[in-house]
Amino acid sequence: MPRHGGTKADHIRPSWDEYFSRIAVEVSKRSTCLRRHVGAILVLDKRILATGYNGAPRGTMHCSEIGCLREEQGVPSGTRHELCRGLHAEMNALIQAANHGIRVQDATLYSTTFPCSLCAKMLINGGIRRIVAQRDYADSLAKELLAAAGLRVELFDFQAHKTSLFPLPKARKAGTGRSGEKARKKPKTREKRRNKP
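Residues numbered from 1 in each chain as written. Predicted model: local features only at pLDDT ≥ 70, side-chain atom pairs only at ≥ 80, totals over all residues. Heavy atoms only, no water.

Caption draft 1: Representation of the packing of helix α4 (residues 89-99) against helix α5 (residues 117-125) in the model. The interhelical angle for the contact between α4 and α5, taken along N-to-C directions, is 30°, at an axis separation of 9 Å. Regarding the angle of α4 to α5, the classification is roughly parallel. In this structure, α4 meets α5 at a crossing whose hand is left-handed. Touching Glu 90, Met 91 and Leu 94 of α4 are Leu 118, Cys 119, Met 122 and Leu 123, all from α5. (Axes fitted to C-alpha atoms, helices over the stretch in contact; angles between N-to-C directions. Helix = DSSP H or I, 4+ residues; strand = E, 2+ residues; numbered from the N terminus. Parallel < 35°, antiparallel > 145°, perpendicular 65-115°, else oblique. Left-handed = near helix turned anticlockwise from the far one by under 90°. Contact = heavy atoms within 4.5 Å.)

Structure (structure tokens):
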């Protein structure tokens, strides 16, 4: 029975994806980034392994205190990830798990934002099998890497209370360019023989 005199129709029990996605939103509220608050949690067998939010490294001043390096240098979103004082939420979740000796192989990552290419590479090597994000992020390389590694990537929609498959690009085959076309071989040029004196 619903609590506090509500009707059965008033109570919609959240799915596991919604439950963990809502927790990721709460985690994001700890962020000290001036551009975007991101929260991430690693989950295995319906158990939270680690959490992370984006912000400056431990023991250093927060961007909310000293300003944003990316804003100062006019770095567009989705580019030059190395030009940032902060760590991303996914990175911090992986680091927290490592610090406590927690195995993350085969875990699901729930994040408020689609991972960037740096985080995508770490998640692939960490053995993460599934990603559930809440919104897209402009980093095409991340999508290519996740597709090539065969990770299942989904988007959770709070309004629809539903998870749907994220349309990743087709994984490239060896010897193809970014567009998927075969790389053109350069014609071989014969070296001119030098005349011996």
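Moving on from the coordinates now.
Caption draft 2: Representation of the pairing of strand β5 (residues 152-157) in the model. Looking at chain direction, strand β4 (residues 130-133) and β5 are connected through four bridges and run parallel. Following the sheet pairing, Val 132 is matched in β5 by Glu 154. Here β5 pairs with strand β6 (residues 162-165) via four bridges, running antiparallel. Looking across to β6, one finds that Leu 155 is bridged to Ser 164. Count of turn residues in the β5/β6 antiparallel hairpin: four residues, of which His 161 carries a positive phi of about 55°. (Pairing = 2+ DSSP bridges.)

Caption draft 3: Broad picture of the pattern of salt bridges. Evaluated as defined, the whole model comprises seven salt bridges. Asp 106 is the salt-bridge partner of Arg 129, the closest N and O atoms lying 3.1 Å from each other. Note that Arg 129 is positioned in the loop between α5 and β4 and Asp 106 in the loop between α4 and β3 (108-111), a separation of 23 residues in sequence. For Asp 136, the salt bridge is made with Lys 143, and the minimal N-O distance between the two is 3.0 Å. (Salt bridge = Lys/Arg side-chain N within 4 Å of Asp/Glu carboxyl O.)

Caption draft 4: The sheet that holds β4, seen in detail. The strand order across the open sheet built from six strands is β2-β1-β3-β4-β5-β6, with neighbouring strands paired in mixed fashion. Because the sheet does not close on itself, it has two edges, and the strands there are β2 (47-53) and β6. With direction set aside, neighbouring strand axes in the sheet form an average angle of 25°. Sitting on the sheet, helix α1 (residues 16-28) is in contact with β1 (39-44), β2, β3, β4, β5 and β6, with an inclination near 140° to β1. Relative to β2, α4 is tilted by about 130°, and along the sheet it contacts β1, β2 and β3.

Caption draft 5: Region of the structure containing the state of the cysteines. All told, the structure shown has zero disulfides when counted by the stated rule. Free of any disulfide, Cys 116 has its nearest neighbouring cysteine sulfur in Cys 119, separated by 3.8 Å. For Cys 116, a relative accessible area of 3% puts it in the buried group. A relative accessible area of 1% means that Cys 119 is categorised as buried. (Disulfide = S-S within 2.5 Å. Buried < 20%, exposed > 50% of the residue type's maximum accessible area, 1.4 Å probe, protein only.)

Caption draft 6: Focus on the nonpolar core. Counting residues in hydrophobic clusters, the biggest one holds 28 residues, and the most contacted among them are Leu 42, Val 104, Leu 109, Phe 114, Ile 128, Ile 131 and Leu 146. Sorting the residues of this core by element identifies β1, β2, α4, α5, β4 and α6 (140-149) as the ones contributing at least two each. In terms of residue count, α4 provides more of this core than any other element does, five residues in total. Discounting chain neighbours no more than four positions away, the residues touching Leu 109 are Ala 40, Ile 41, Leu 42, Glu 90, Leu 123, Ile 128, Arg 130, Ile 131 and Val 132. Core analysis: the next-biggest nonpolar cluster, separate from the first, contains seven residues, Phe 20, Val 43, Tyr 110 and Phe 156 among them. (Core = buried A, V, L, I, M, F, W, Y, C linked by side-chain atoms within 4.5 Å.)

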